[in-house]
Amino acid sequence: MTMELLLRFGYNEGGQVIRHVLFAVDLVQMKVVPYESAEMGEVYMYTPTWPIVDYQWIDNNQFWVASADLQSSEAEFEAVQNWLASSDRNIKKVTILLNQEELLDAYSMP
C-alpha cells in the first residue's frame, strides 16, 4: 500500500513573484518520489521556475500541474511579474508521471 502526499513550496522574490516546486513524498517509506521525466523534474520539482496555480492527483502514479503559459523557458522575472499582474492569464496544464521504482532518501535541489 502506498500513501503519497504532494508538497508545494513557494519561493518569494521580493513580494512580487512567487515561483513553486512540487514534489511527492511516500508517507509509508518517508521517501521522495521522483518524476519519471528528468526534464519535468528540473522544471517543476528541483527548480522554482513557474508559479504553480493548481495541481491535483489523477491516480496514485500521476498528477497534473497548472502553471504560467509563457514563451520564456527561463521564466524571466519581468515576464512572470507581468503574467501575475494580468487579468488574462494563459495557463498550461501538464501531466507528470512519478517514478515509483527509484525512491529518494532526501529531497535536494541541484
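Residues numbered from 1 in each chain as written. Predicted model: local features only at pLDDT ≥ 70, side-chain atom pairs only at ≥ 80, totals over all residues. Heavy atoms only, no water.

Explain helix α1 (residues 38-46) residue by residue, including any values.
Note that an α-helix has 3.6 residues per turn; residues three or four places apart therefore point the same way. Residues of α1 that are buried include every one of Gly41, Tyr44 and Met45, and no others. For α1, the buried positions fall inside an angular range of 105 degrees around the axis, keeping them on one side. Two or three places before glutamate 39, at the start of α1, stands the capping residue serine 37, its side-chain oxygen 3.3 Å from that residue's backbone nitrogen. (Buried < 20%, exposed > 50% of the residue type's maximum accessible area, 1.4 Å probe, protein only. Helix = DSSP H or I, 4+ residues; strand = E, 2+ residues; numbered from the N terminus. Arc of directions from axis to C-beta. Polar contact = N/O pair within 3.5 Å; in protein donor to acceptor, adjacent residues only side chain to side chain.)

Could you give me a rundown of the nonpolar core, with the residues and numbers involved?
Leu22, Tyr35, Tyr44, Phe63, Val65 and Ile96 are the most contacted members of the largest nonpolar core, which has 23 residues in total. Elements that contribute at least two residues to this core include exactly β2 (17-26), β3 (31-33), α1, β5 (62-68), α2 (77-85) and β6 (91-97). No other element matches β2, which puts five residues into this core. Residues within four places of isoleucine 96 in sequence aside, it is in contact with Tyr35, Tyr44, Asn61, Gln62, Phe63 and Val65. (Core = buried A, V, L, I, M, F, W, Y, C linked by side-chain atoms within 4.5 Å. Contact = heavy atoms within 4.5 Å.)

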